[in-house]
Amino acid sequence: MATYFSCILAVVVLTFSGAAAAETTEYLITGNKPGLLHVLDMKQQKVVRSHRIPDAGRTVYSLTPSPDGQVVYALTNRMKSISGINVDTGEQVFRADFNEGDIRRQAFFAMDISRDGREIYVYQMSTRVLLSEYQQLPTRVAVYDTSAGLNAEPVRTFEAPRRIHMLMKSTDDNWLYAMGFDIYKMDPITGEIVETLPLRNWTLKNRSLPDVLDFWPLWDQTDIFSTPVYSVRTDKAADDPSAYKTGLLTLDLKTGAYEINDFEDTSVLIFSTVVSPTKKHAFGTYTQLTKVDLETNTLAKRVDQDHTYYAVNVSADGSEVYVGGAACDIATYETENLTKTGQINLPDACGDQSTATLRMIRREALD
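## As for the overall build of the chain
Then comes step 1: Summing up its helical and strand segments, the chain has one helix and 28 strands in all.
Then comes step 2: Projecting the C-alpha coordinates of the chain onto the three principal axes gives extents of approximately 85 × 55 × 45 Å.
Then comes step 3: Taken over 367 residues, the chain has a buried fraction of 52%.
Then comes step 4: Taking contacts inside the chain between residues at least 6 apart in sequence as the whole, the part at least 24 apart equals 49%.
Then comes step 5: Total accessible area computed for the chain in this model is approximately 16,400 Å², and 50% of it derives from carbon and sulfur atoms.

## Some thoughts on the sheet that holds strand β20 (residues 270–275)
Then comes step 1: Here four strands make up an open sheet; going across it, the order is β20-β21-β22-β23 and the pairing antiparallel. Lying at the two open borders of the sheet, with one neighbouring strand each, are β20 and β23 (298–304). For this sheet, the mean angle separating the axes of adjacent strands, direction not counted, is 20°.
Then comes step 2: The sheet contact formed by β20 and strand β21 (residues 281–286) spans five bridges and is antiparallel. What sits directly across from Ile270, in β21, is Tyr286.

## Focus on the pattern of salt bridges
Then comes step 1: Counted under the stated rule, the structure contains 16 salt bridges.
Then comes step 2: Asp352 is paired through a salt bridge with Lys33; the nearest N and O atoms lie 3.8 Å apart. Remark: Lys33 occurs in the loop between β1 (25–32) and β2 (36–41) and Asp352 occurs in the loop between β27 (340–345) and β28 (359–363); sequence separation between them is 319 residues.
Then comes step 3: Here Lys33 falls in the partly exposed class, since its relative accessible area comes to 32%.
Then comes step 4: Of the charged contacts, one joins Asp102 and Arg128 as a salt bridge, the two residues approaching to 3.1 Å between their closest N and O atoms. With Asp102 in the loop between β7 (92–97) and β8 (103–113) and Arg128 in strand β9 (residues 119–129), the pair connects residues that are 26 residues apart, well separated along the chain.
Then comes step 5: A relative accessible area of 35% means that Asp102 is categorised as partly exposed.
Then comes step 6: Take Arg128: its relative accessible area is 25%, and that puts it in the partly exposed class.
Then comes step 7: Each of Asp88, Arg363 and Glu364 takes part in a single network of salt bridges with overlapping partners.

## Things to note about the sheet that holds β7
Then comes step 1: The strand order across the open sheet formed by four strands is β4-β5-β6-β7, and the pairing between neighbours is antiparallel. Either end of the sheet is taken by a strand with one partner, and the two such strands are β4 (60–65) and β7. The sheet shows a mean angle of 20° between the axes of neighbouring strands, taken without regard to direction.
Then comes step 2: By the bridge criterion, five bridges tie strand β6 (residues 81–86) to β7 in an arrangement that is antiparallel. The partner of Gly84 across the bridge, within β7, is Phe94.

## Overview of the nonpolar core
Generally speaking, soluble globular proteins have nonpolar side chains that are buried together.
Then comes step 1: In terms of nonpolar packing, the biggest core is built from 45 residues, with Leu28, Leu75, Ile82, Phe98, Val122 and Tyr144 touching the most fellow members.
Then comes step 2: Apart from residues lying up to four places away in sequence, Leu28 is in contact with His38, Val39, Leu40, Met42, Tyr322, Ile330, Leu358, Arg359 and Met360.
Then comes step 3: Of all hydrophobic cores here, the second largest spans 15 residues; its members include Leu37, Val60, Leu63 and Ala74.

## Some words on the state of the cysteines
Disulfides are covalent bonds that connect the sulfur atoms of two cysteines.
Then comes step 1: Counted by the stated rule, this structure contains one disulfide.
Then comes step 2: Each disulfide pairs two cysteine sulfurs, and for Cys328 the partner residue is Cys350, the sulfurs being separated by 2.0 Å. Taking the sign of the S-S torsion, about -90° here, the bridge from Cys328 to Cys350 comes out left-handed. Of the two residues, Cys328 is situated in the loop between β25 (320–324) and β26 (329–334) and Cys350 in the loop between β27 and β28; the sequence distance between them amounts to 22 residues.

## Regarding the pairing of strand β24 (residues 311–314)
Then comes step 1: Of the two faces of β24, the one carrying Ala311 and Asn313 and the one carrying Val312 and Val314 are both buried.
Then comes step 2: Where β24 and β25 come together, four bridges link them in antiparallel fashion. Paired with Ala311 across the strands is Gly324, a residue of β25.

Reading guide: rules and limits
- Every chain's residues receive numbers from 1 upward, in the order its sequence appears when written.
- In keeping with the predicted nature of the model, local features appear solely for residues at pLDDT of at least 70, side-chain atom pairs appear and are counted solely at 80 or more, and the whole-chain, interface and lining totals rest on all residues.
- Based on all heavy atoms of the structure, the side-chain values leave hydrogens and waters out of the count.
- Segments assigned H or I by DSSP are reported as helices when at least four residues long, segments assigned E as strands when at least two residues long, and all are numbered from the N terminus.
- For every residue, the accessible area obtained with a 1.4 Å probe (protein chains only) is divided by the maximum for its type, and the residue is called buried under 20%, exposed over 50%, and partly exposed between those limits.
- Contacts are assigned to residue pairs that have any heavy atoms within 4.5 Å of one another.
- Using the Shrake-Rupley algorithm and a 1.4 Å probe, accessible areas are obtained, with residue cover drawn only from the displayed protein chains.
- The pairing criterion for strands is at least two bridges between them, as found by DSSP.
- For helices, the fitted axis covers only the stretch in contact; all axes are lines through C-alpha atoms, and the angles between them, taken along N-to-C directions, range from 0 to 180 degrees.
- Salt bridges are identified by distance alone: a Lys or Arg side-chain nitrogen within 4 Å of an Asp or Glu carboxyl oxygen.
- For our purposes a nonpolar core is just a set of buried Ala, Val, Leu, Ile, Met, Phe, Trp, Tyr and Cys residues, chained together by side-chain atoms within 4.5 Å.
- Count a disulfide wherever a pair of cysteine sulfur atoms falls within 2.5 Å.

What follows is the structure in C-alpha cells.
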C-alpha cells in the first residue's frame, strides 16, 4: 500500500512540476539607436533586459527571434551585418558580415529564420567595387547556418528578384515567400519561383497600380502576414474621395491563402498592420491606431495617438495591442475600445527606434 501511494505522490509531483516548468511569459522585443536591443515584459509594463549590439554602426533594423526565444537576430551595421544576441546574457553568439573582398553587400530589411531555427535567410544587394567603376551583381538570398558562430558565411545562395523587402518562411518550412513588386513563393533550397502572387501585377478592373510600404515582420501571433494597400479607382473622378481606397493584404503562412480586401476610403496613412489571434480584427498604426473588422472588411474604430508610431503588434490572447517604432516608447492599448492603458519608456540611451521591428516571443521567465 505504501508503495502504491508513493507512486501516486510521485506522479502528482511530476505533473505539477512539469506544469510549472511549462509556464511561459510573453515578451516584446525592440531595438533603438545607437545599437541597443530591449526585452519588455508587457504585463508588468517594464524593460527587463537591455543589451548593446557589438559593431552595430548605431543602427537596428529588422529583428528575428529564434523559435525558442533564446536568441534575437538583428539586421544592423547599416544593414551590412546580422548579429545574434543571447536574450539572457547579451552575448553575441552569431555574426555574419556581408562584405566580401571587393564586393559590398547590403540587405534591405528582408530577413527571416527557418521554423526549426537552423537557418537565417536574408536578401542582399551586391556591388563589385572596381578601380574605375561599380559593377552591379545579381540580387540574391543568402542562407546562413545559425550555429556558425561569429564568422558565419552563407551555406548557399540563390538569385532573387529585385526590390525584395520582406522574407517569410511558411510554417512547414517548405517555402520562402519574398515580397517585392509581387509576392514570390520560392523553393528555399534552390530559389526556384514556383508561384507568383500578384500585387503590382494585379488585374483589378478600373484600378491603379497598388502602393505598398511595409518591411515590418509582424506575424508572430497568427502566422498571417498583413499590410495596408493603397490604390485609386480609375473609373471615378480624381476629386471624388471614394476613388481612393485602403485595403488589407493578408498572406497565411500556414495555408498559403492570399487576399486583398478594401476596407475604407483612404482617410489616413497606415504604416504597418497586425492580425489579431482572434482572426476577427486587424490593427494598424501611424499617427492613428486603426481597428479593422475582418469579417465585414470595414473600419471598426480609430483613435489618435500621442505621436507617430511605425510598428504594431498584439498579445497572444488578443486583449492588448502594442505600438512602437519611431520614438523611444512602447504604448499599450486594450483592443476592445482602443483605450490607452500603458506606456513604457526605453532607457535614457535611446536615440529612437526608427524602423526597428516589434517582435513577440514566449519563453520561460527572465526574472
